Amino acid sequence: MKARQMIPINVPIIGEEEIRLVLEVLKSGVLTSRAGSGSMVAKFEEEFAKFVDAKYAVAANSGTAALHMALLAAGIGPGDDVLVPSFTFVATAEAVVLAGARPIFVDIEPETYCIDPTKLEDALTEKTKAIIPVDLYGLPADLKPILDFAEEHDLTVIEDAAQAHGAEYNNRKIGSVSHMTCFSFYPSKNMTTGEGGMVTTNIEEYAEKLRAIRSHGEKGDTYYSVMVGHNYRMPEIPAAIGLAQLKKLPKFLKKRRENAEALTKGLKQLEPSLAKLPKEPKGRRHSWYLYTIRLPWAKAEERNRVIQRLRSEGIAATTYYQTPIHKMPPYKKYPSRNLKETEKAAQQVLSLPTHPALNKKQLNHITKATKEAIKNISYHK
Ligand SMILES: *Cc1c(COP(=O)(O)O)cnc(C)c1O
């Protein structure tokens, strides 16, 4: 067989518009937005806030920085607890530790892999100050019961929407629902700036604090700090890329949805006992960052064999996340009771590409190869 190029799990799509705006920045000679110079970051923030229907958007130089500065803006620090899922990218819990607080891991809904609102009560401590729901794979967490719970216990909800640009909850854009929402623009994400992040909020006090924390705690003037901050500023070049990407985002999202539908159409011929396909519960609109299926019959080893088979067929299927955070060395010391669904999902899920660069032929190949691999490996197990 002829060596064939691997179909990547996600891929940035860069065009002339990005190149034109980046050149514009380079020619202007203004590379940073510090001290009010430069306009790309300000423009990008304005357009992004508009897109998610939020009053304020504050850009950062990564999604992790966005999470960290949101926690600091909410006043989270040493002695505080924050409820987080363990079934997510490490940055969700890492940001809590960076803020000096303690992550408490909460189990997930088995069907959506997002934090389970019914498990919050059990994890709550006297010191709990915030919750970070994650919109995993691009599907919004069940935010209404989470926000109700937060209100009842006076907690801040900082949503990790690093994978969910353009997703919606009860017809509201993700980014305008929680107290603060954090996005990432890492190259694999629904839209990219190379590296970058954003916090959106409707609360002015948070927006002000975020802007100060992003730049050494400076307020108004540079070289006058009112608090301890960081250098989490997004440079002008990434903001230029982001502006061009944001314009294309609706098209990207439409294509992701069409591709997910094509995958579902092909894969639904498999018995549910062989493969559980991703769901979109009522009121929760997916952004289809990843198309994640579950093999209910499999242990990690068998799931990994399915992935190996797909890779040999030129499909970069991957598991997000093989190791839940509470099992990683730096995080073992934090509370992690009853994470049964988390541990089960980590063994059984695998993600398939659904990104906008896929063509019909590739989609057909993915569904066909996935069906064959699952049938074959479940039969011989
Ligand atoms: C990508 C991601 C982050 C971190 O974003 P970076 O821009 O890579 O720092 C945080 N949380 C989740 C769920 C992510 O997928």
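Placed above this text is the structure.
As a further point, take helix α10 (residues 340-348). Listing the buried residues of α10 in full gives Glu341, Thr342, Ala345, Ala346 and Gln348. Against the buried residues of α10 lie β3 (102-106), β11 (291-294), α9 (300-312) and β12 (349-352).

Around the ligand, the structure places 15 residues, and the nearest of them are Gly63, Thr64, Asp160, Ser184 and Lys189. In this structure, a nitrogen atom belonging to the ligand sits 2.8 Å away from a side-chain N or O atom of Asp160. Contacts to the ligand include Gln163, whose side-chain N or O atom sits 2.8 Å from an oxygen atom. With the chains in place, 93% of the 380 Å² that the ligand exposes on its own is no longer accessible. Elements that contribute at least two residues to the shell around the ligand include exactly α3 (63-73) and α4 (91-98).

With that out of the way, let us pick up the sheet that holds strand β7 (residues 172-173). Judged by pairing direction, the sheet is antiparallel, and its 3 strands sit side by side in the order β7-β6-β10 without closing on themselves. Both outer strands of the open sheet, β7 and β10 (284-285), are each paired with one neighbouring strand and no more.

Once that is clear, we can look at the pairing of strand β4 (residues 128-131). Both strand β2 (residues 81-85) and β4 contribute to a ladder of 3 bridges, which runs parallel. Counted as the bridge partner of Val82 is Ala130 from β4. Pairing analysis gives 2 bridges linking β4 to strand β5 (residues 156-160), with the strands arranged parallel. Bridging across to β5, Ala130 finds its partner in Thr156. Between the parallel elements β4 and β5, the chain passes through helix α6 (residues 143-153) in a crossover that is right-handed.

A word on the packing of aromatic side chains. Inspection of every chain in the model, using the stated rule, returns 10 aromatic pairs. On the numbers, 5.5 Å between centres and 85° between planes, the contact of Phe48 with Phe185 is edge-to-face. Of this pair, Phe48 sits in helix α2 (residues 40-52) while Phe185 sits in the loop between β8 (180-184) and β9 (197-201); the two residues are 137 residues apart in sequence, bridging distant segments of the chain. Among the residues examined, Phe185 registers a relative accessible area of 0% and is labelled buried. With centroids separated by 5.7 Å and ring planes inclined at 75°, the aromatic side chains of Tyr113 and Tyr137 adopt a geometry described as edge-to-face. One end of the pair, Tyr113, is in the loop between β3 and α5 (120-123); the other, Tyr137, is in the loop between β4 and α6, and 24 residues separate them in sequence. Here the aromatic cluster, defined as three or more aromatic residues joined through ring pairs, consists of Phe44, Phe48, Phe183 and Phe185. One residue, Lys173, lies across the ring of Phe51, its end atom 4.5 Å from the ring centre.

Below, the discussion takes up the environment of Ser336. Locating Ser336 in the fold gives a position in the loop between α9 and α10. Owing to a relative accessible area of 29%, Ser336 belongs among the partly exposed residues under this scheme. Linking Ser336 and Ile104, residues 232 residues apart in sequence, is a C-alpha distance of 6.3 Å.

Rules used throughout
Residues numbered from 1 in each chain as written. Predicted model: local features only at pLDDT ≥ 70, side-chain atom pairs only at ≥ 80, totals over all residues. Heavy atoms only, no water. Buried < 20%, exposed > 50% of the residue type's maximum accessible area, 1.4 Å probe, protein only. Helix = DSSP H or I, 4+ residues; strand = E, 2+ residues; numbered from the N terminus. Contact = heavy atoms within 4.5 Å. Near = heavy atom within 4 Å. Polar contact = N/O pair within 3.5 Å; in protein donor to acceptor, adjacent residues only side chain to side chain. Areas by Shrake-Rupley, 256 points an atom, 1.4 Å probe, with all protein chains shown as cover. Pairing = 2+ DSSP bridges. Right-handed = clockwise from strand over helix to strand, strands pointing away. Phe/Tyr/Trp six-rings, centres within 6.5 Å; stacked < 30°, edge-to-face > 60°. Lys NZ or Arg CZ within 6 Å of the ring centre and 35° of its normal.

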